[in-house]
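These are the residues of each chain, in order.
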Amino acid sequence: MTAASVSASLREVDDLPFPRGLPLLGNLHQLPPATHHLTLERWAAELGTPYVFRFATTPVTVWSDIELSHAVMRERPHRYRRYAPIENILKEFGCNGLFSIEGAAWEPQRRLVMQALSIPHIKTFYPTLAAITERLRRRWEAASRAARVVDMIEDLKRFTVDVTSALAFGEDPNTLENERVQIQEQLSMLLPMLMARVNSPFAYWHYVKFPRDRKFDEAMIDVHRHIRELMARTRARMREDAAIEACGTPLAETARAPRNLLEAMLALRDAPGSGITDDEVAANVLTMLVAGEETTATSIAWALRFIGADDALQARIAAHARRVLGDSPVCPSYAAMRELDLCEAVCTEASRLHPIAPYLSFEPLEEVRLQGVRLPAGTKMFMLHRPAMMDPKNFADPARYDPDRWLRESPRGAHEARAYLQFGAGPRVCPGRHLAAVEMRLVVSMLTANFTAQFATNPADIHEVCTFTVGPSEMPMRLASR
Ligand code: HEM
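Residues numbered from 1 in each chain as written. Predicted model: local features only at pLDDT ≥ 70, side-chain atom pairs only at ≥ 80, totals over all residues.

### Describing the overall build of the protein
Here comes step 1: A tally of helices and strands in the protein yields 19 helices and 13 strands.
Here comes step 2: Whereas a compact globule of 482 residues would reach a radius of gyration of roughly 23 Å, the protein reaches 23 Å, a difference of no more than 12%.
Here comes step 3: The principal-axis extents of the C-alpha atoms in the protein amount to approximately 75 × 60 × 50 Å.
Here comes step 4: Buried residues in the protein amount to 38% of all 482 residues.
Here comes step 5: Taking as baseline every contact in the protein between residues at least 6 positions apart, the subset at least 24 positions apart corresponds to 75%. (Helix = DSSP H or I, 4+ residues; strand = E, 2+ residues; numbered from the N terminus. Rg over C-alpha atoms; globule rule 2.2 N^0.38 Å. Buried ≥ 20, exposed ≤ 12 C-beta atoms within 10 Å, placed from the backbone. Contact = placed C-beta atoms within 7 Å.)

Set out below in structure tokens:
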């Protein structure tokens, strides 16, 4: 092919197929925040990949090729970045941490977080994880005795906030037993507001605040106060430990290794000439809380949508869990937890059909040419991930909920895993995926071994709601002790 014919066949963003919109508004009016992901998927089915839609006057290209997603995600942070509005808005929230930070600042933060969420660290932390799971069991037992309907999403978020705080910051807010601790409720406001503002055609909140914006501002003031107090307590503990070590050893300056992510971040920040600020540490505390809360809670909640609808499946998971747990109400050891593959598979399969992240969004940092399309630096790119998970080329009988597909040794195994991008891919792949898997195993095994669960609503009414991540609209259940 000659250079002339290459450029002749090269398409521009404006040449791509597009859904009909309105002048100035573009397609904004067709994309209500809560369900816009479904509309993007419908357009992909109609227009193919890639297509372009418009957020007011901003063109956004939409792709549903899983290999392209892998390629883009692999080339971060040097050639692609996350969708820039995410970073801009998170900065305003004081939450520009590992998820949204770009460039050279990303790598050192990534190293710290990877260490904090590593398998050896999670293994050491296992007794605390089991204790928090036992607390959730007691909460559910009390609800079962009182014949109270349980808001499963709310309880799962309390569980994940307690776990993330205890693991990453060495402090357990115990939101499961303490109704007055509001941190979980306040954190839950962040992602919906991020979603609303990222998709807003202009930054109205810089000029006028609606009641929802004011309530959110107040919640963020409380959250940041909570984080600063947490940082101050941690610093005080670190000073006390250093003083004790100074008395006991002549090598006082060889401070002990940090016990958790917050200690590691504070040690780094307080080292002479670190260039790191308290604001950056606080942003990462908030990032971890938000990233670890809703995602994992939602994954487990989606699994309940299928477990609650299928008594035979529920009985099977219960038998599997009881065999592994023995007489214990929660999984007794890290080694036993590793046998609970079915408990993780029910969550993985649920998020294949109801992805928590149905698309991820990026921008090239330089001009790129992808599949014959020229994308100038900064072009918005949405990568849809459900089409590949519903493609029979990747998953046999894709519409069927079949957790066993994740347990079978099949020649398709590797292919299936490649088309499942719920944790992203490449250098920025989710660092919390091991922790999330352990949480899924602990909660699903504890639930099914100790209780039977029935919907307290018509399951047909449960639908997908996008608030940055996509969760079930509701998941009220009645639990009865086995
Ligand atoms: C089922 C649960 C979870 C899901 C579905 C999930 C999903 C994701 C996805 C899709 C990404 C973007 C990956 C990419 O760009 O390639 C991500 C990034 C991230 N996740 Fe998770 N996540 C989960 C649990 C967690 C947990 C438990 C934590 C921590 C406590 C966590 C912390 C993070 C952080 C800090 C990032 C940013 C990483 C970076 O940009 O370098 N996630 N997650």
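What follows picks up the thread again.
### Digging into the UniProt feature "binding site: heme" (unreviewed entry) in the protein
Here comes step 1: Those places that UniProt annotates as "binding site: heme" (unreviewed entry) correspond, in this numbering, to Cys430.
Here comes step 2: Note on placement: Cys430 falls in the loop between α18 (413–419) and α19 (433–450).
Here comes step 3: In contact with Cys430, other than residues within four places in its own chain, are Phe423 and Gly424. (UniProt positions renumbered as here; feature names shortened; annotations may be inferred.)

### Observations regarding the pairing of strand β11 (residues 464–467)
Here comes step 1: Relative to strand β12 (residues 469–472), β11 runs antiparallel, the two being bridged by four bridges. Looking at β12, one finds that Cys466 is bridged to Val470.
Here comes step 2: In sequence, β11 turns back onto β12 through a hairpin of one residue, with Phe468 there showing a positive phi of about 80°. (Pairing = 2+ DSSP bridges.)

### Overview of the sheet that holds strand β3 (residues 58–63)
Here comes step 1: Spatially, the five strands line up as an open sheet ordered β2-β3-β9-β6-β4, and their pairing is mixed. Because the sheet does not close on itself, it has two edges, and the strands there are β2 (51–55) and β4 (80–82). Across this sheet, the average inter-strand angle for adjacent strands is 35°, counted without regard to direction.
Here comes step 2: Pairing of β2 with β3, which is carried by five bridges, proceeds in the antiparallel orientation. (Axes fitted to C-alpha atoms, helices over the stretch in contact; angles between N-to-C directions.)

### A word on the packing of helix α16 (residues 341–353) against α19
The geometry of a pair of packed helices is captured by two quantities: the angle between their axes and the separation between those axes.
Here comes step 1: Taken N-terminus to C-terminus, the directions of α16 and α19 make an angle of 110°; their axes are 8 Å apart at the nearest point. In terms of their interaxial angle, α16 and α19 are classed as roughly perpendicular. Contact residues: α16 offers Cys343, Glu344, Val346 and Cys347, while α19 offers Ala437, Met440, Arg441, Val444 and Ser445.
Here comes step 2: Here the contact of α16 with α19 is composed, by residue class, of six nonpolar, one polar and two charged. (Parallel < 35°, antiparallel > 145°, perpendicular 65-115°, else oblique. Nonpolar A, V, L, I, M, F, W, Y, C, P; charged D, E, K, R; others polar.)

### Here we look at the packing of helix α4 (residues 84–92) against helix α10 (residues 190–198)
Here comes step 1: Between α4 and α10, the shortest axis-to-axis distance is 10 Å and the interhelical angle comes to 125°. By the criterion of interaxial angle, the relationship of α4 to α10 is oblique. Viewed along their axes, α4 and α10 form a crossing whose handedness is right-handed. Facing Pro85, Ile86, Ile89 and Leu90 of α4, the residues of α10 in contact are Leu194, Arg197 and Val198.
Here comes step 2: Among the residues forming the contact of α4 with α10, the class breakdown is six nonpolar, no polar and one charged. (Left-handed = near helix turned anticlockwise from the far one by under 90°.)

### Some words on α19
Here comes step 1: The terminal C-alpha atoms of α19, which comprises 18 residues, lie 26 Å apart, in line with the 26 Å expected from a rise of 1.5 Å per residue.
Here comes step 2: Of all the 18 residues making up α19, 16 are buried; the element is thus mostly covered by neighbouring parts of the structure. (Expected span 1.5 Å × (residues − 1).)

### Looking at the site of the ligand
Here comes step 1: As a matter of local geometry, the ligand sits amid 29 residues, with Gly292, Thr295, Gly424, Cys430 and Gly432 nearest to it.
Here comes step 2: Elements that contribute at least two residues to the shell around the ligand include exactly α5 (106–116), α13 (278–307) and α19.
Here comes step 3: No other element matches the seven residues that α13 contributes to the shell around the ligand.
Here comes step 4: Classifying every residue of the shell around the ligand by side-chain character gives 17 nonpolar, ten polar and two charged. (Near = placed C-beta within 6 Å.)

### Digging into the pairing of β2
Here comes step 1: Within β2, four of the five residues are buried, which leaves it mostly tucked inside the rest of the structure.
Here comes step 2: Counted between consecutive antiparallel strands, the loop separating β2 from β3 contains two residues, among which Ala56 sits at a positive phi close to 55°.

### Quick look at unusual backbone geometry
Here comes step 1: Going from Thr49 to Pro50, the amide bond is cis rather than trans, its omega being -5°.
Here comes step 2: For the peptide bond that leads from Arg76 to Pro77, omega is 0°, which places it in the cis range.
Here comes step 3: On the secondary structure map, Pro77 appears in the loop between α3 (66–74) and β4.
Here comes step 4: Even without being glycine, Leu24 reaches a positive phi, approximately 65°.
Here comes step 5: With a phi angle near 50°, Ala147 is a residue other than glycine that sits in the positive phi range.
Here comes step 6: Relative to the helices and strands, Ala147 is located in the loop between α7 (126–145) and β5 (150–151).
Here comes step 7: According to the C-beta neighbour criterion, Ala147 is exposed, with 9 such atoms within 10 Å.

### Section: the confidence of the model for the protein
If pLDDT is low for a region, its predicted coordinates should not be looked at in detail.
Here comes step 1: Considering every residue of the protein, the mean pLDDT works out to 92; 95% of them sit at 70 or more.
Here comes step 2: Per-residue pLDDT stays below 50 along residues 1–5; that stretch engages in one contact with residues further than four places along the chain or on separate chains.
Here comes step 3: Throughout residues 250–254 the model reports pLDDT below 50, and contacts reaching past four residues in sequence, or to other chains, amount to two contacts. (pLDDT = per-residue confidence, 0-100.)

### Quick word on the environment of Leu304
Here comes step 1: As for its position among the elements, Leu304 is in helix α13.
Here comes step 2: For Leu304, a count of 26 C-beta atoms within 10 Å corresponds to the buried category.
Here comes step 3: For the pair Leu304 and Ala350, spaced 46 residues apart in the sequence, the C-alpha separation amounts to 8.6 Å.
Here comes step 4: Beyond its immediate sequence surroundings of up to four residues, Leu304 is in contact with Met152, Ala453, Met475 and Met477.

### Brief notes about the nonpolar core
Here comes step 1: Counting 87 residues, the largest nonpolar core has Ile300, Val346 and Val444 as the members making the most contacts within it.
Here comes step 2: Counting residues per element, this core draws most heavily on α13, which supplies 16 residues.
Here comes step 3: In this structure Val346 touches Ala303, Phe306, Ile307, Ile317, Pro403 and Val444, once residues within four positions along its chain are discounted.
Here comes step 4: If you look at the next biggest cluster of nonpolar residues, it comprises 24 residues, including Leu40, Trp63, Phe362 and Leu384. (Core = buried A, V, L, I, M, F, W, Y, C linked by C-beta atoms within 7 Å.)

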